[in-house]
Amino acid sequence: MSTRQVAEVVEAVGHTVAARGIGYGDTGPGKTVAVEQALHLPPGRVPVWRAAVGVRPGLPQVRAALCEALGLPSGFLTHRAGPADQALAEALAEPGVLFLDDAQRLSPPVLDYLRQLWDSPGCAAALVLCGAGSERVLARAAALRSRVLTWHQVSRLDTEDMPRTLGLFHSVWEDADPADLVRADEQTARGNFRTWAKITSHVCAAQGRDPGTRVGRDAIERACARLGPYP
């Protein structure tokens, strides 16, 4: 969906990709979805490599994830650091974007390893790191932090635009009273799109028992109550 937040992410990612730099983006506002969309929009589109990491991965696990993302034979290379690093450096000499989500899981030594890869002569790729709280991890990896070209925090959705945004998101909200949606956002969702997705799921489940009815304040409040006291 087109929102101000998505447009800002597209601009930040586009700048980072064009400059072949390193970018960082700060759960819930739709950060990952926005970045995924942005990576498909820059002109002269380049390959996008998505690396998935586990919780608190060690360097061998990260090396394996990078090899897999770049299409390298990770099972063979990860046990031989020198050839693996050389192969990664050669792959990153081609223009492209490595997208690494949940970067807050990475330790300073792993982040410094990424820095070394991007400091390799001839590196032509951009690196996009995402993850809520990653800025605290990057603060402990000063060498990489100093190389970040673009810092972008994805803000929460604008309350005044919430009725329009939700109407685009799901048809169940098209006839809802905008005042009810704004009230629910102020009291429960607070601009967090992941929370609104949960509310939408509960409303749709309730509507399945009585399809075609207009979603009123009571239905919205019941859906919000299902999220518990700490949405």
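Structure: see above.
No experiment lies behind these values; they were computed from the predicted model shown.

Caption draft 1: A look at the nonpolar core. Counting residues in hydrophobic clusters, the biggest one holds 30 residues, and the most contacted among them are Leu 66, Leu 88, Leu 98, Leu 106, Leu 111, Leu 114 and Leu 129. Put simply, the parts of the chain that give this core at least two residues each are β2 (48–51), α3 (59–69), α5 (81–91), β3 (96–100), α6 (108–118), β4 (125–130) and α7 (134–138). For this core, the element with the highest residue contribution is α6, accounting for six residues. Of all hydrophobic cores here, the second largest spans 18 residues; its members include Leu 157, Met 162, Trp 196 and Val 215.

Caption draft 2: Layout of unusual backbone geometry. Positive phi, normally seen in glycine, also occurs at Arg 56, with a value near 50°. Residue position: Arg 56 is located in the loop between β2 and α3. Residues other than glycine seldom take positive phi values, yet Asp 102 does so here, at roughly 55°. Summarising the element assignment, Asp 102 is placed in the loop between β3 and α6. A relative accessible area of 25% means that Asp 102 is categorised as partly exposed.

Caption draft 3: Layout of the packing of aromatic side chains. This model, assessed by the stated rule, comprises two aromatic pairs. Look at Phe 169 and Phe 193: their rings are 4.8 Å apart centre to centre, the planes differ by 80°, and that puts the pair in the edge-to-face class. Taken as a pair, Phe 169 in helix α9 (residues 162–169) and Phe 193 in helix α11 (residues 193–207) lie far apart in primary sequence, 24 residues in all. A residue is classified by how much of its surface remains accessible, and Phe 193, at 16% relative accessible area, is buried. Here the aromatic rings of Trp 173 and Trp 196 are separated by 5.5 Å at their centres, their planes lie at 85°, and the arrangement is edge-to-face. Here Trp 173, found in the loop between α9 and α10 (178–189), pairs with Trp 196, found in helix α11; they are 23 residues apart in sequence, far enough to count as distant.

Caption draft 4: Expanded view of the pairing of β3. Within β3, five of the five residues are buried, which leaves the element mostly enclosed by the surrounding structure. With burial as the criterion, each face of β3 is covered, one bearing Gly 96, Leu 98 and Leu 100 and the other bearing Val 97 and Phe 99. Note that β2 and β3 share four bridges and pair parallel. Its bridge partner lying in β3, Val 48 is registered against Val 97.

Caption draft 5: Representation of the packing of α9 against α11. Two elements in contact, α9 and α11, have axes separated by 12 Å at closest approach and are oriented at 55°. Regarding the angle of α9 to α11, the classification is oblique. At the point where α9 passes α11, the crossing takes the right-handed sense. Only Phe 193, Trp 196, Ala 197 and Thr 200 of α11 make contact with α9, whose side of the interface consists of Met 162, Thr 165, Leu 166 and Phe 169.

Caption draft 6: A look at the packing of α3 against α5. In contact at an axis separation of 11 Å, α3 and α5 are set at 40° when each is read in the N-to-C sense. Comparing their axes, α5 and α3 come out oblique. Handedness of the α3/α5 crossing: left-handed. On the side of α3, the interface is formed by Arg 63, Leu 66 and Cys 67, while α5 contributes Ala 81, Ala 84, Asp 85 and Leu 88. Partitioned by chemical class, the residues of the contact of α3 with α5 number five nonpolar, no polar and two charged.

Definitions and limits used
Every chain is numbered on its own, with residues counted from 1 as its sequence reads. Totals for whole chains, interfaces and linings use every residue, but because this is a predicted model, local features are given only for residues with pLDDT of at least 70 and side-chain atom pairs only at 80 or more, for both listing and counting. As a rule here, side-chain values cover all heavy atoms of the structure and leave hydrogens and water aside. Nine residue types can take part in a nonpolar core, namely buried Ala, Val, Leu, Ile, Met, Phe, Trp, Tyr and Cys, and a core is a set of them joined through side-chain atoms within 4.5 Å. Throughout, exposure labels follow a simple rule: accessible area from a 1.4 Å probe, protein chains only, divided by the maximum for the residue type, with under 20% read as buried, over 50% as exposed, and the rest as partly exposed. Only DSSP runs of H or I reaching four residues or more are called helices, and only runs of E reaching two or more are called strands; each is numbered from the N terminus. Here a pair means two rings of Phe, Tyr or Trp (six-membered ring of Trp) with centres within 6.5 Å. Their orientation is stacked below 30 degrees between planes, edge-to-face above 60, and tilted elsewhere. Two strands make a pair as long as DSSP finds a minimum of two bridges between them. Here an angle of 0 to 180 degrees is reported between the N-to-C directions of two axes, which are lines fitted to C-alpha atoms, with helices fitted over the stretch in contact. The scheme is simple: roughly parallel for angles under 35 degrees, roughly antiparallel for over 145, roughly perpendicular for 65 to 115, oblique for anything else. Left-handed describes a crossing whose near helix is turned anticlockwise from the far helix through less than a right angle; right-handed describes the clockwise counterpart. In this analysis, two residues are considered to be in contact whenever any of their non-hydrogen atoms come within 4.5 Å of each other. Each residue is assigned to one class: nonpolar for Ala, Val, Leu, Ile, Met, Phe, Trp, Tyr, Cys and Pro, charged for Asp, Glu, Lys and Arg, and polar for all the others, Gly among them.

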